[in-house]
Amino acid sequence: GENTAHKKKTIQTAHQWKYNKSNELRLFAMYADLGYRTPGGLTLAQYNEDPRMARPAGGPNPGATEQRAGIYNKTFFAGLAHTAKLTSKLTHAISVFGSNTDIKNPFITNYEIRDEKNLGLRSYFSYVDGDNTDFKWQMQLGFEGQKGWNKIDNYDNDHGVATATQAQDKLDNKQYGLFYRAMAQIHQRLTIEGSLGLNKSTIQYSQLFPVLTDGQGTLDFGNIWMPRVASSYLLQEHIAVRASISKGYSAPTLAEVRSSDNLINKELEAETGTNYEAGLRYNAPNRRFMADIAYYTYSMKNGIIRQLRDSGAEYYVNAGEMKQQGLEASI
């Protein structure tokens, strides 16, 4: 097809060092260099004329080939994790991870350059007691936090070359979560699980160009509790019935807060939802045949949906409350 190309180079390495019988250190690192052209979308008439053509010029906008539309992404990611067996039942794990991403995106109407840096920490304790076959239990207590530094610049695109500045913004996002989980298995038939998490997410923004009087501030998506309760029971050796109730949330991403219209949306709120589910599962004795069926009902508030402006630039809004019911089955 016209204006299509793809190149990808990746190198990764992983190392594991068990330096004594109770402690282990692991390292993972990866570098990826990805580049591809984007031909863009076609109308039905254009597709019927030539399905292999790139998006042609239309109105004030030039075509994808003329603008050399594409995405070029260079990312380095690394993580270091340590696990320590403190006692026969108590384990501590901690990991540090980070990434650096450089993205260039010549598009029909602009040329975007993004510099994204992220750093994260995760640590938890795990206690597992499986000595009593009639009552096995475990619990985990931990913390996870992430911090991001993001610079997003948009320029005019002159045949694949960035020229005059359209917008420059700096967005630093931060999120953290505390979590606790406990699970018990009684007489190897009844399993009960409960967990609770507290999550917080914020985005601090600075509009560097054009300079605005209200161009600095913080978007705070609040402290959100995420509880979950689940249980399963073996009716017979290979048939189990299960049920769960859980609440979750999803904060707006940077791409939703600052979408392709180059404006910072200060009105977006986090999605929240509650899911109720019940199901039946069967495993054949040799596990060569498995069947699972589940009914769920899911309600979500402030669902984030994509919208388009007259210029074709996208932006996102909260859609209010939605409800889904469904049946899932797998064999």
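Residues numbered from 1 in each chain as written. Predicted model: local features only at pLDDT ≥ 70, side-chain atom pairs only at ≥ 80, totals over all residues. Heavy atoms only, no water.

J.: When you look at the environment of S99 in this model, what are you seeing that I'm missing?
T.: Mapped onto the elements, S99 comes out in strand β4 (residues 90–106). On a C-alpha basis, the gap between S99 and G148 in space is 9.4 Å, while along the polypeptide they are 49 residues apart. (Helix = DSSP H or I, 4+ residues; strand = E, 2+ residues; numbered from the N terminus.)

J.: Explain the pattern of salt bridges here, please?
T.: Between side chains of opposite charge, a pair can form as their charged atoms come close. Tallying each qualifying case throughout the model produces 21 salt bridges. The salt bridge involving D169 is made with R258; its shortest N-O contact spans 2.6 Å. Residue D169 is found in strand β7 (residues 162–186), and its partner R258 is found in the loop between α2 (254–257) and β11 (271–283); the two are separated by 89 residues along the sequence. The closest approach of N and O atoms between R309 and D261, which form a salt bridge, is 3.0 Å. Of the two residues, R309 is situated in the loop between β13 (304–308) and β14 (314–318) and D261 in the loop between α2 and β11; the sequence distance between them amounts to 48 residues. Note on D261: relative accessible area 14%, which makes it buried. Salt bridges linked by common partners bring E112, R114, E116, D169 and R258 together as one network. (Salt bridge = Lys/Arg side-chain N within 4 Å of Asp/Glu carboxyl O. Buried < 20%, exposed > 50% of the residue type's maximum accessible area, 1.4 Å probe, protein only.)

J.: Please clarify how the side chain of N173 should be interpreted in this entry.
T.: Structurally, N173 can be placed in strand β7. Residues in contact with N173, not counting those within four places in the same chain, are Q146, K147, G148, W149, N150, T202, I203 and L254. (Contact = heavy atoms within 4.5 Å.)

J.: Honestly, the packing of aromatic side chains in this entry has me stumped. Any pointers?
T.: A ring pair, where both rings are aromatic, is described by two values, the distance of the centres and the angle of the planes. According to the stated counting rule, one finds 5 aromatic pairs in the structure shown. Geometrically, the ring pair formed by Y127 and W137 is tilted, given 5.3 Å between the ring centres and 40° between the ring planes. In this pair, Y127 sits in strand β5 (residues 111–129) while W137 sits in strand β6 (residues 135–157), placing the two residues 10 residues apart along the sequence. The class of Y127 is partly exposed, set by a relative accessible area of 24%. (Phe/Tyr/Trp six-rings, centres within 6.5 Å; stacked < 30°, edge-to-face > 60°.)

J.: Explanation requested: the pairing of strand β15 (residues 321–330) in the structure shown.
T.: In regular strands, side chains alternate between the two faces of the sheet. Taking burial as the measure, the 10 residues of β15 include 1 buried ones, a minor fraction of the element. Taken together, the 10 bridges between strand β12 (residues 290–301) and β15 define a ladder with antiparallel strand orientation. Bridge pairing links A294 to E328 in β15. (Pairing = 2+ DSSP bridges.)

J.: Quick question: what am I supposed to make of the pairing of strand β1 (residues 6–20) here?
T.: With respect to burial, β1 is a largely exposed element, only 0 of its 15 residues being buried. Note that β1 and strand β2 (residues 23–37) share 13 bridges and pair antiparallel. From the neighbouring strand, W17 faces β2, where its bridge partner is L25. Turn length for the β1-β2 hairpin, with the two strands adjacent in sequence and antiparallel, is 2 residues.

J.: Looking at this structure, how should I read unusual backbone geometry?
T.: Excluding glycine, residues mostly have negative phi values, and the peptide bonds linking residues are mostly trans. A cis geometry characterises the amide bond from F209 onward to P210, with omega recorded as -10°. If you trace the backbone, P210 turns up in the loop between β8 (190–209) and β9 (216–236). Positive phi outside glycine occurs at R68, with the angle close to 50°. Looking at where R68 falls in the secondary structure, it is placed in the loop between α1 (44–49) and β3 (70–85). Given a relative accessible area of 42%, R68 falls into the partly exposed group. Its identity is not glycine, yet H159 carries a phi of approximately 55°, on the positive side. Topologically, H159 is positioned in the loop between β6 and β7. Using a relative accessible area of 44% as the deciding quantity, one classes H159 as partly exposed.

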